[in-house]
Amino acid sequence: MGGNAAEFVVTAGPTREYLDPVRFLSNPSTGRMGFAVAQAAAKRGCRVTLVAGPVSLPTPAGVKRVDVTSAREMEKRAVEAVSAAKGKCVFVATAAVADWRPARCAAAKLKKGASRSMTLRLVRNPDILRSVSRKRARGAFRARLRLVGFAAETGDPSKEAMRKLREKGLDFIVANDVSAPGCGFAVPTNRAVFFMRDGSRVELPMMSKLELARRIVSKALEEDRR
Ligand code: CTP
């Protein structure tokens, strides 16, 4: 491992937001993209912390894995990992974080009884990427931090990707149309466009998630050299 290699902190997978001890809200993210980024960064000799929601993937070699369940837990552990970094650090947010959680989690299993309907009140979860970005802006981290986000959209992702890049204060964003064939959840391939902070873009052909991960890691390290 090179002495001045960058550190990576990667969020991956879904989060689970429990409404009672046996039920939760979640999504079908498998974590594959984030695990591929962690693997590619470790192969480049970088130290990697992978903050993973509940997924059934093996931990890539040389990667420190921190398992979490909820968005709030993921935020706490991701911020801890970025806070611990010195030198250069790249934060890559691939997680499909649940935007909402039940306002309360019942202590005991909810019983349906005789009711014909039920209302679940949801409250907003933290935006992990935005909160890391705000902390960076306040000078809360020792490391020189690069922020990489993802924008998974249905249809042309460019407008939304550029909005998220700007609003979340990112260095670049990896955008893709998850409704296109070969893209999105639970497939081994992806087709993406990088939108850079300076307004440039890099359009990539369809490739495996591992190859895309290598390109993301290279781009993040290249940006870091500026
Ligand atoms: N993200 C995050 N925490 C959240 C939501 C999103 O860290 N609570 C990160 C994702 O990991 C991704 C980026 O923000 O890198 C964009 O996520 P996405 O779900 O596409 O966008 P949202 O911010 O949730 O916006 P919208 O609901 O408008 O699509």
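Conventions we followed
Residues numbered from 1 in each chain as written. Predicted model: local features only at pLDDT ≥ 70, side-chain atom pairs only at ≥ 80, totals over all residues. Heavy atoms only, no water. Helix = DSSP H or I, 4+ residues; strand = E, 2+ residues; numbered from the N terminus. Rg over C-alpha atoms; globule rule 2.2 N^0.38 Å. Buried < 20%, exposed > 50% of the residue type's maximum accessible area, 1.4 Å probe, protein only. Contact = heavy atoms within 4.5 Å. Areas by Shrake-Rupley, 256 points an atom, 1.4 Å probe, with all protein chains shown as cover. Lys, Arg positive; Asp, Glu negative; His and termini not counted. Charge placed at Lys NZ, Arg CZ, Asp CG, Glu CD. Phe/Tyr/Trp six-rings, centres within 6.5 Å; stacked < 30°, edge-to-face > 60°. Lys NZ or Arg CZ within 6 Å of the ring centre and 35° of its normal. Core = buried A, V, L, I, M, F, W, Y, C linked by side-chain atoms within 4.5 Å. Patch = residues over 30% accessible without salt bridge, like charges linked within 9 Å, V, L, I, M, F, W, Y side chains within 5 Å. Salt bridge = Lys/Arg side-chain N within 4 Å of Asp/Glu carboxyl O. Near = heavy atom within 4 Å. Polar contact = N/O pair within 3.5 Å; in protein donor to acceptor, adjacent residues only side chain to side chain. Axes fitted to C-alpha atoms, helices over the stretch in contact; angles between N-to-C directions. Left-handed = near helix turned anticlockwise from the far one by under 90°. Nonpolar A, V, L, I, M, F, W, Y, C, P; charged D, E, K, R; others polar.

Draft legend 1. Structural context of the overall build of the chain. Check the secondary structure of the chain and you find 5 helices and 14 strands. For the chain, whose C-alpha radius of gyration is 18 Å, the value lies close to the compact-globule estimate of 17 Å for 226 residues. Counting every position in the chain, which comprises 226 residues, the buried fraction comes to 46%. Long-range pairs, those at least 24 residues apart, make up 61% of the contacts in the chain between residues at least 6 apart in sequence. When the accessible surface of the chain is split by element, carbon and sulfur atoms take 50% of a total near 11,900 Å². Between the mean site of the 43 positive side-chain charges and the mean site of the 21 negative ones, the chain shows a separation of 5 Å.

Draft legend 2. Just the packing of aromatic side chains, in detail. For the coordinates displayed, the defined rule picks out 2 aromatic pairs. With a centroid separation of 5.3 Å and an interplanar angle of 50°, the aromatic rings of Phe-172 and Phe-194 are classed as tilted. Taken as a pair, Phe-172 in strand β10 (residues 172-177) and Phe-194 in strand β12 (residues 193-196) lie far apart in primary sequence, 22 residues in all. For Phe-172, a relative accessible area of 1% gives the class buried. The positively charged end of Arg-124 is found above the aromatic ring belonging to Trp-100, 5.5 Å away from the centroid.

Draft legend 3. Fine view of the environment of Ala-220. Examined against the element boundaries, Ala-220 turns out to sit in helix α5 (residues 209-225). Judged by its relative accessible area of 2%, Ala-220 is buried. Separated by 81 residues in the primary sequence, Ala-220 and Gly-139 have C-alpha atoms spaced 20 Å apart. In this structure Ala-220 touches Phe-8, Val-90, Val-148 and Phe-172, once residues within four positions along its chain are discounted.

Draft legend 4. Focus on the nonpolar core. Formed by 33 residues in total, the largest nonpolar core has its most connected members in Phe-8, Val-37, Val-148, Phe-172, Phe-194, Leu-212 and Ile-216. Elements represented by at least two residues in this core include exactly β1 (7-12), α1 (32-43), β4 (47-52), β6 (88-93), β10, β12 and α5. A per-element tally of this core places α1 first, with 7 residues. Apart from the residues within four sequence positions on either side, Ile-216 is in contact with Met-33, Val-37, Val-148, Phe-150, Phe-172, Val-174 and Phe-194. The next biggest cluster of nonpolar side chains, apart from the first, holds 29 residues, and it includes Ala-95, Leu-129, Phe-141 and Ala-161.

Draft legend 5. Quick look at a nonpolar patch on the surface. The grouping of Trp-100, Leu-110, Met-118, Leu-120 and Leu-122 at the surface amounts to a nonpolar patch, some 450 Å² of accessible area in total. Within the fold, Met-118 resides in the loop between β7 (100-102) and β8 (122-124). Look at Met-118 and you get exposed, because its relative accessible area is 54%.

Draft legend 6. Quick look at the site of the ligand. Of all residues adjacent to the ligand, which total 15 residues, the nearest are Ala-93, Ala-95, Phe-150, Lys-164 and Lys-168. Contact distances for the ligand include 3.2 Å between an oxygen atom and a side-chain N or O atom of Asp-99. Residue Lys-164 places a side-chain N or O atom 2.8 Å away from an oxygen atom belonging to the ligand. Alone, the ligand offers 570 Å² of accessible surface; in the complex the protein occludes 77% of this. At 3 residues, the largest contribution of residues to the shell around the ligand is made by strand β9 (residues 144-153).

Draft legend 7. A look at the packing of helix α2 (residues 71-84) against helix α3 (residues 128-137). The geometry of α2 relative to α3 is characterised by a closest axis approach of 10 Å and an angle of 30° between their N-to-C directions. Of the two possible hands of crossing, α2 and α3 adopt the one that is right-handed. Contacts from Ala-71, Met-74, Glu-75, Ala-78 and Val-79 in α2 reach Ile-128, Ser-131, Val-132 and Lys-135 in α3. Class assignment for the residues of the contact of α2 with α3 results in 6 nonpolar, 1 polar and 2 charged.

Draft legend 8. The pattern of salt bridges, seen in detail. Enumeration according to the criterion identifies 18 salt bridges in this entry. The partner of Arg-77 in a salt bridge is Glu-80, and the shortest N-O contact between them spans 3.1 Å. A residue pair is termed a helical-turn pair when its members lie 3 or 4 positions apart in one helix, as Arg-77 and Glu-80 do in helix α2 at 3 residues. Judged by relative accessible area, which is 32%, Arg-77 ranks as partly exposed. The class for Glu-80 is partly exposed, based on a relative accessible area of 37%. Glu-211 is the salt-bridge partner of Arg-214, the closest N and O atoms lying 2.6 Å from each other. Here Arg-214 and its partner Glu-211 are both found in helix α5, 3 residues apart, which amounts to about one turn of the helix. Classification of Arg-214 as partly exposed rests on a relative accessible area of 42%. Given a relative accessible area of 25%, Glu-211 falls into the partly exposed group. The structure contains a network of salt bridges with shared partners spanning Asp-127, Arg-130, Glu-160, Arg-163, Glu-167 and Lys-168.

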